[in-house]
Amino acid sequence: MRYFLSIVLLAVTVIFYSCYYDKEQLLYGGGSAPCTDTTGVVSYSQKVAPLLQQYCYSCHTGSFPSGNAVMGTYAADKAMAQSGKLHGTISYAPGYSPMPKGMPKMSNCQIAVIKKWIDAGMLNN
Ligand code: HEC
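Bear in mind that the values here come from a model prediction, so they are computed numbers and not experimental data.

Engineer: I'm lost on the overall build of the protein chain in this one. Help?
Structural biologist: Within the protein chain, the secondary structure is distributed over six helices and zero strands. From first element to last, N terminus to C terminus, the protein chain shows the α and β order α-α-α-α-α-α. When each of the 125 residues of the protein chain is scored for burial, the buried share is 28%. Across the protein chain, the fraction of contacts at a sequence separation of at least 24, relative to all contacts at a separation of at least 6, is 56%.

Structural data, given as structure tokens:
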């Protein structure tokens with residue numbers, strides 16, 4: 001009986017945490033959210049900068065940006081994109097520190113938006 005109870009308790013805990021995770025995914029626009037943002041030309045000012053603002057600028061602007069990785073202006077964001085580090089870190093590519101640090105991974109859609117902007121030549125649009 002005690003064994004049975006602990007199994008039930010374990011199951012409830014697992015279910016609870018998986019629901020919590022689903023909510024978190026929804027909150028941060030998780031992978032299953034419809035990806036409508038990649039249609040047309042991706043605008044730096046309308047799409048990319050707001051995402052970087054939300055996920056990166058808190059740690060990577062100012063006089064002492066984390067890891068000496070400067071962001072927050074078009075020139076700085078473009079330089080990071082050109083070095084391959086922007087896409088490398090957000091897509092958790094091997095050899096890069098996964099970013100945003102200490103937060104859930106950006107959604108596939110958000111990563112695709114940034115990737116499309118990079119592939120189109122990182123325009124200041
Ligand atoms: C909570 C703070 C925090 C946030 C938010 C954050 N970073 Fe970082 N980042 C760090 C710290 C600390 C380091 C240095 C340690 C390391 O490399 O893990 C770092 C290092 C880096 C580096 C250099 C490391 C490498 O692999 O070349 C890049 C590039 C970078 N971050 C990009 C980003 C991007 C892009 C975002 C947004 C998607 C982001 N970071 C969000 C804290 C943060």
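Moving on from the coordinates now.
Engineer: Mind showing me how you'd approach the nonpolar core here?
Structural biologist: The tendency in soluble globular proteins is for nonpolar side chains to be buried as a group. If you look at the biggest cluster of nonpolar residues, it comprises 21 residues, and the most contacted ones within it are Leu 52, Leu 86, Ile 114 and Trp 117. Sorting the residues of this core by element identifies helix 2 (44–55), helix 4 (74–82), helix 5 (85–90) and helix 6 (108–119) as the ones contributing at least two each. No other element matches the six residues that helix 2 contributes to this core. Not counting chain neighbours up to four residues away, the residues in contact with Leu 52 comprise Tyr 57, Met 71, Asp 77, Leu 86 and Ile 114.

Engineer: Teacher, can you tell me more about the coordination of the iron atom of the ligand here?
Structural biologist: Each pair of donors in an ideal four-coordinate tetrahedral metal site encloses 109.5 degrees, whereas pairs in an ideal six-coordinate octahedral site enclose 90 or 180 degrees. At this site the iron atom of the ligand is bound by His 60 (NE2) and Met 99 (SD), with donor distances of 2.0 to 2.3 Å. Seen from the iron atom of the ligand, its six donor atoms lie at angles of 85 to 178°, and the figure they make is octahedral. With His 60 in helix 3 (residues 57–60) and Met 99 in the loop between helix 5 and helix 6, the pair connects residues that are 39 residues apart, well separated along the chain. Accessibility expressed as a relative area gives 11% for His 60, which makes it buried.

Engineer: Looking at this structure, I do not really get the site of the ligand. What am I missing?
Structural biologist: Taken together, 21 residues form the shell around the ligand, and within it Cys 56, Cys 59, His 60, Met 99 and Lys 101 come nearest. A distance of 2.7 Å is found between a nitrogen atom of the ligand and a side-chain nitrogen or oxygen belonging to His 60. With respect to the ligand, the side chain of Ser 97 contributes an N or O atom lying 2.8 Å from an oxygen atom. Those elements giving two or more residues to the shell around the ligand turn out to be helix 3 and helix 5. Tallying contributions element by element places helix 5 first for the shell around the ligand, with four residues. For the shell around the ligand, the per-class residue count stands at 13 nonpolar, six polar and two charged.

What counts and what doesn't
Residues numbered from 1 in each chain as written. Predicted model: local features only at pLDDT ≥ 70, side-chain atom pairs only at ≥ 80, totals over all residues. Heavy atoms only, no water. Helix = DSSP H or I, 4+ residues; strand = E, 2+ residues; numbered from the N terminus. Buried < 20%, exposed > 50% of the residue type's maximum accessible area, 1.4 Å probe, protein only. Contact = heavy atoms within 4.5 Å. Core = buried A, V, L, I, M, F, W, Y, C linked by side-chain atoms within 4.5 Å. Donors = N, O, S within 2.8 Å, 3.2 Å for Na, K, Ca; no water. Tetrahedral: all angles 85-135°; square planar, octahedral: opposite > 155°, others 65-115°. Near = heavy atom within 4 Å. Polar contact = N/O pair within 3.5 Å; in protein donor to acceptor, adjacent residues only side chain to side chain. Nonpolar A, V, L, I, M, F, W, Y, C, P; charged D, E, K, R; others polar.

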